[in-house]
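Observations on the model geometry
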Number of protein chains: 2
Amino acid sequence: MSETPKKTRRVRFLPQGVEVEVDEGVTLLAAAQKGDIYINSICGGDGVCGKCRVIVRSGEVDTRTTMLLSRDEVRQGYVLACLTRVLGDVEVFIPEETRLEEGRVEIDEDAQRFRQFTGPARPVTELKCDPLMNKLCLQLSPPSMEDAEPDLERVYRAIQAKCDGIGELQAGFAVLQSLPAVLEQGEYKATATLGRRGAVTEVIQVESGDTSTHSYAVAVDVGTTTVVAHLVDLNTGQTLDAHATYNSQMKFGEDYIARIMYVRQNNALDELQQTVVADINRLIAVMAQRNGIELRDVVGVLCSGNTAMTHLLIGLDPARIQKSPYVPSANHVPVLRAAQIGLRINPRGLIYTLPSVAAYVGSDITAGATAIRFDEIDDVSLYVDVGTNGEVVLGNKEWMMCCSASAGPAFEGGGVRFGMRASKGAVEKVHIGRDGKVSCKVIGDAAPRGICGSGLLDCLAEMLRAGIIDRAGRLHPEAPGVRRAENGAEFVLVPRESADLETDVVINQADVENLIRSKAAIYAAVSVLVESLDLTVSDIKDVYLAGGFGSNVDVHNVITIGMLPDVPQDRVHFVGNGSIAGAKMALMSRDAYTLIESIAAKMTYFDMMQNPRFMEEFVSASFLPHTNVEEFPSVLKELPV
Amino acid sequence: MSETPKKTRRVRFLPQGVEVEVDEGVTLLAAAQKGDIYINSICGGDGVCGKCRVIVRSGEVDTRTTMLLSRDEVRQGYVLACLTRVLGDVEVFIPEETRLEEGRVEIDEDAQRFRQFTGPARPVTELKCDPLMNKLCLQLSPPSMEDAEPDLERVYRAIQAKCDGIGELQAGFAVLQSLPAVLEQGEYKATATLGRRGAVTEVIQVESGDTSTHSYAVAVDVGTTTVVAHLVDLNTGQTLDAHATYNSQMKFGEDYIARIMYVRQNNALDELQQTVVADINRLIAVMAQRNGIELRDVVGVLCSGNTAMTHLLIGLDPARIQKSPYVPSANHVPVLRAAQIGLRINPRGLIYTLPSVAAYVGSDITAGATAIRFDEIDDVSLYVDVGTNGEVVLGNKEWMMCCSASAGPAFEGGGVRFGMRASKGAVEKVHIGRDGKVSCKVIGDAAPRGICGSGLLDCLAEMLRAGIIDRAGRLHPEAPGVRRAENGAEFVLVPRESADLETDVVINQADVENLIRSKAAIYAAVSVLVESLDLTVSDIKDVYLAGGFGSNVDVHNVITIGMLPDVPQDRVHFVGNGSIAGAKMALMSRDAYTLIESIAAKMTYFDMMQNPRFMEEFVSASFLPHTNVEEFPSVLKELPV
C-alpha cells in the first residue's frame, strides 16, 4: 500500500516572522523546531509539562484538550504546541513565557551558576587530584630488531613509566586490534585514555598523536524530576558548562513509585531507560556543541541519582525496590561501557555510577554527603536534600543515619502553575512589603516567566508574614493581590502590565498546598530521625541544605516556612546540588570516589515509610511553620498576630 | 531467477552396504556424512590432506585431478571423496585406511594417552590447586526487612565468605540483570561461576540452584599443523577426554608464514580465524557429547600456541610478525569472552591465552617450559619442542634463551605419504631385524593405516641401522623391502598381504628427505644456540623433548637420527605435548599461570632466522646422524661400516 502524499502547509511564527513549510498533520512544536524557533518544552513533546503554550492566531489546526490550559486560556486561543497538528496554513504567536532564546536550547542558569560547588563552609583537607579517567600522551620508541616488544606491552610500559604505581592495566580486544595502525599512523606518538575500574586501570582507547588536551567527562545528577549535567575538563577539573532538563520519564509518572508500576504493568523497562538516556544525550550534545567539543572526546559519564533512577538508567528491573523488603539489584553498579546503555559519547567511554545505600537512599545522597565532607564532621550534623524525594542524613564522621520521604516535585517547579527551573526568566527572590507591594528578582535580566525553588520558598514565607496566607496555607480572599480565579483564589505575584507579559504570574491555592506538603514531608523526616536517635534539635550543630532551588536560597525563609528546624541561621548552609558536586569530586579524584564508597558503607538506613510517627509528624508539619509553633520561636516573633 | 530442482541420486557405500539419497552434485564426502559413515578427512574437505581416498566402483562422478593420488591409484579407481561430485547413481568402496570407526569422529589416541602429563621426571614442588575458573555453590539468606542487602552485594558477600582473600570482585551487566530472577528461582541457592582476570575475579554467571558439579574447561594447544584439546573437570583437575585434529588453516598454507601472506593478500583474517575456531568448536563439541556434558557447562577455554596461531585465533593482524623487526600485537593477550571470537561454549565463558615471548616463540613454549618446571632447574638444560616450527629453550631457573626454526610438519604426519597422527591404526614402533624383517606395533589393536611421529623416528633410525638408507638418506635400491615405484624408490614397511590391507604402507624417498629436513632444523637450532652461549653439548644436564610424536618415543632413535645431540640417553626425557600440559596446569592453578608469566618474562629471544650459522649447521645436520659423525660417538658404534 502506498501512502497518499501529504499536503504542504505554511506555518508563520510571530513575533519572529519566520515561515516554514511542513506536511499537513505535523505538530506546531515540530514546525517550530524546523524553523529553528526554540519553544519551552521540558517534557519533550508529550503533552505533560504544559510549557509549550502558543496562541493560534489564524488557520486550521487539530488540537487535543488538556487539563493544562484553563478555560480562559483556551478562549484566548492558547494551545499546547506539542498537542496541536497543522491542518491548514496557520499563524502562531509564541508568548514571551514560552520563548527560549534563539539559537540556544535551554540554558539552565541554576546549573550554570552551580558549576563551582560552594563547599561545606568550613576548612577541609583537600582530596588528591587523580581523575577516574584521563588521557595520557605517550612518546613511544619505534620497534627495532633490538626492541621488538609487542604493541600492547610497549604501550603498557610507557603508561607505567608515566604513572608510578598505576597497578594492573587491562585492555579490551578493540584496543588491542587497533594498535598496529594507530601506532604507525602517529609515528609512535599516541594518546591512551585510561579509566579506573576498581583496582584495575583499563586502557579504553589509544589514539594516534597527542589528543590529550581533548579529554572530557560529564557528571550527571539523574533526579526523578530534574536531570542536571556538568561538562568537566579532565585535565583541569574545570566545569566548562552545565545544562539541565526535566526528566522525560515524568510522562510515565510523577514519582518513581508510579514509574516502577508503569514498568511492571507495561513491561516498559527499555522504554523508561531510553527516555532518560535520550535526556542525558541531549544535555551532553548541547554542551558539546556549545563548547566546540567532539562527542568522541567525552570519554566518560559519572552518574549519581536515587536508587530507582539508577536502576532505570542502567536497565535493571526496579520492581523489587517498590515491594517489601525493598531489595535493589545492586548498590554498587559495575562500571559499564556508556554505549551499552545507549549513551552517545566516545563509543569506548565508560559510565560510572556512584554507590547507593538502600532502595530509598541513593548515590545522590552519598555523593552529597561526601561533597560536604561528612567524613570530617565531628559534631552531629544534618544533611537535607530536597528533591522529589527528600532525603535526610543525620550523624557525624563516625556514624550516619539516613532516610527518605516522598516530598513531591513542588520546589523543582513541578505541580506549581508557574513553577520552573532556576533558569532565565525565573523569579528567584521575592519580597512583599508591608504595603503588600511585591518586589521580585528575576534570573538573567529578563521578563519573569515563572518562579524557581528559591522564589517559591520566599513566596511562601513572605505571603505568610504579609498575612496573604494563614498558617494553614489558606489564601485570604481580601488580602491585597489576591483574587478569585476559575480554580479558586490566586495571588498575583507579577501582574502582566508590570513587565509587558502575556499573562500574570500567579500563585494559586493548589500551589501553596503542594509546597506545604513538600516542606512538611522534609520536616517530618528530620524530626522522626532526630527523635529516633534520642536527640533533639539543639544537638544538631550544622545543617546542610541541598537541592535544585536555584542559587539564592534565603535560609531565614526556609526556617520560616518550617521546612528545617529552628536552628540559628548561621548554622544552616545552603549547598546547592550536592549530588552533582559529589559526582564531580569523584570524577576528578579517585580518593573522593573511595570516600563516597566508605561513606555509603557507614550509612545506616532508617525506614521512614513503615514508621507510624512519620505520618503524625507530617500532619503536624502541614502548618506554617508547624502545628506546634513553639518549636519555632524565631519565626513566632515575626508572624502577624 | 528460480533454481532448477536438483535430481536425486543414490550412493551406495561398501563394505558397509549403506545407501543414501543425495542431490546430484554433492560430494562423496558429504554423501558419506549423510549416511553416518565416517571417512578420514583431516583437512575437513578441502582437497588438501589426501586422506579421504575412496574407490568408485560404478556410476558417474565428476572428480578433480589431484597430485595427492598416483597414476596407479587413479587407474585403480581411487578418487578423493571431497573432490568428487555425484552425477549418477554410484557405488563407492571405502578402503580400510580411509575408514574411521563407525559412530566416532576421530579419537586421538595420542591425545587420549597424554591426558596425564608424565611430568618433568624429577621431584618438583607442587603448585597449589586454585583453578583460573570455578563454580561456587552459594546458600544465600533470603532478604528481609532486617537484611535488605541488594542482590549483587549479597552474592559478593557469600563468595567472599567462601573464598578468603579473593580480592576484588566484578560482574558485568548481564549477570547483574539476571540476579533477581535467578536468585528467586533457586530460592536463594545459587551457583556463581568465577573467572580470574588478573588481580580481579569476575563473576561470569550466576545460576539457580547448585550446578557446581558441572564445571568444565578446555585446554587447547593450537599448533600450526595440529590442534589438540583436553576437556578438564574444574572440580577435580581430571582430564576427562582429549581430542585432536589437523589445523584446517592448512588449506591456506602449510606453515604460518604462508598463512600470514595469504591473510595479507586476501584480506582474510576473519576467514583464517573462523577456520581454526571451527576446528576448536568441533573438538569441544565432540568431547562434550562423548562425556554427556552440556556446552553451557564449559565455562572457559585456555589456549597455548605459537604467536602467529594466537594472533590468527584471536583475530589480530599477524602481518608484522612476518616483517622485520617482527613485532606482535601482544605477547599477553587480554582475557576475552570466548563468544567474542566465535567459540561455542557458555556464552559468558572466557578465553585465556598464555603469554608468548616473541614473534617466533609462543605460549606453547612458555607453557611447556613451565610444565617441566624450568623454574626449578639448577643446571643448564634443554627443552626442545618439535612441531611445524621447532622451538628450543636453553637455560636454567636463572636464565633462559630461546629460539625457533622452521622444521616442517613431517613428524606430525604432514608431507609424509603414510604419515598420520598417533591415533588408532598408526604404526607407533618399528623394528627392522638383521634379516630385514620388519616388526611394527600399531596403536589400538587395529590394522596399520599409517605411521605416527614415533614410528617415523623409529623408521629412520632402523632403516639407517639396517642399511636400507645411507647416511645421506638415500634408499638402497637393492636393500630388502625397497622397490621402484612410480615416483622413485620406496620401502615397504607393511605389505598389504600381511594385514589384509587395501594397500602397502610404504616410506618413499621424498618422505625420508622431509623427515631429515625436519630433524636437521631442530639440531641446527640447538647447536647454534648452545654455541652462541659459549657452551658445549657436555654442559647440558637434561634434555626435555616435547612434541606430538605419540607416546612411544624411543629416545635412543632420536639421537641415532641426530635430531638431538649425543647426550647420555638417561638424560633425555620425552614429555609429550608440553604445551597442553602447561595449559592444563595453568587452568587448574593460578600459581602455575603466574609461573608461566614469570618464565615468559625470563626468556630471552635469540633470532635464529637472521643467523648465518644456522644455515651452515642445517646443511651439516642434513645427514644421519650428522656430517661430523664424530659428534655422535654412541651412534657411530651402531652404524653399518
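1. Description of the relation of the copies chain B and chain A
Of the transformation superimposing chain B on chain A, the axial component is 0.1 Å and the angular component is 180°, with the fit at an RMSD of 0.2 Å. Taken together, the rotation and translation relating the two chain copies correspond to the operation of a two-fold axis. Here 100% of the contact residues of chain B are again contact residues in chain A; the copies associate through an equivalent surface.

2. Concerning the nonpolar core
Formed by 361 residues in total, the largest nonpolar core has its most connected members in Leu493 and Ala525 of chain A together with Leu493 and Ala525 of chain B. Counting residues in hydrophobic clusters, the runner-up holds 23 residues, among them Val11, Val22, Leu29 and Val92 of chain A.

3. Looking at the interface of chain B and chain A
Residue-level contacts link 38 residues of chain B with 38 residues of chain A. Within the residue set of the side of chain B that touches chain A, elements represented by two or more residues are α4 (151-162), β9 (169-171) and α5 (173-185) of chain B. Among the elements that take part in the side of chain B that touches chain A, α5 of chain B stands out by supplying five residues, more than any other. By residue class, the composition of the side of chain B that touches chain A is 22 nonpolar, 11 polar and five charged.

4. So, the domain arrangement of chain A
What the domain assignment reports for chain A is domain 1 (8-103), domain 2 (133-208), domain 3 (215-353) and domain 4 (368-641). Each of domain 1 of chain A and domain 3 of chain A has a C-alpha centre, and these two points are 29 Å apart.

5. Some thoughts on helix α5 (residues 173-185) of chain A
Residue and element names in this part refer to chain A. Over its 13 residues, α5 extends 19 Å from the first C-alpha to the last, a length consistent with the 18 Å expected when each residue adds 1.5 Å. The largest bend in α5 comes to about 50°, at leucine 179, with the proline proline 180 one to four residues further on. In this structure, the buried side of α5 is in contact with α4 (151-162), β9 (169-171), β10 (189-197) and β11 (200-208). Directly after α5, the chain includes glutamate 187, whose backbone phi takes a positive value near 50°.

6. Quick look at the pairing of strand β25 (residues 488-494) of chain A
Residues and elements named next belong to chain A. Within β25, five of the seven residues are buried, which leaves the element mostly enclosed by the surrounding structure. Strand direction decides the pairing type here: strand β24 (residues 482-485) and β25, joined by four bridges, are antiparallel. Paired with valine 482 across the strands is phenylalanine 491, a residue of β25. The antiparallel hairpin formed by β24 and β25 contains two residues in its connecting segment. Relative to strand β26 (residues 505-508), β25 is paired through four bridges, and the arrangement is antiparallel. Within β26, the residue paired with glutamate 490 across the bridge is asparagine 508.

Rules of the game
- Residues numbered from 1 in each chain as written.
- Chains lettered and ligands numbered in written order.
- Predicted model: local features only at pLDDT ≥ 70, side-chain atom pairs only at ≥ 80, totals over all residues.
- Least-squares fit on C-alpha atoms with pLDDT ≥ 70 in both.
- Contact = placed C-beta atoms within 7 Å.
- Core = buried A, V, L, I, M, F, W, Y, C linked by C-beta atoms within 7 Å.
- Buried ≥ 20, exposed ≤ 12 C-beta atoms within 10 Å, placed from the backbone.
- Helix = DSSP H or I, 4+ residues; strand = E, 2+ residues; numbered from the N terminus.
- Nonpolar A, V, L, I, M, F, W, Y, C, P; charged D, E, K, R; others polar.
- Domains from an automatic or database assignment.
- Expected span 1.5 Å × (residues − 1).
- Bend = angle between axes of the 7 residues up to and from the residue.
- Pairing = 2+ DSSP bridges.

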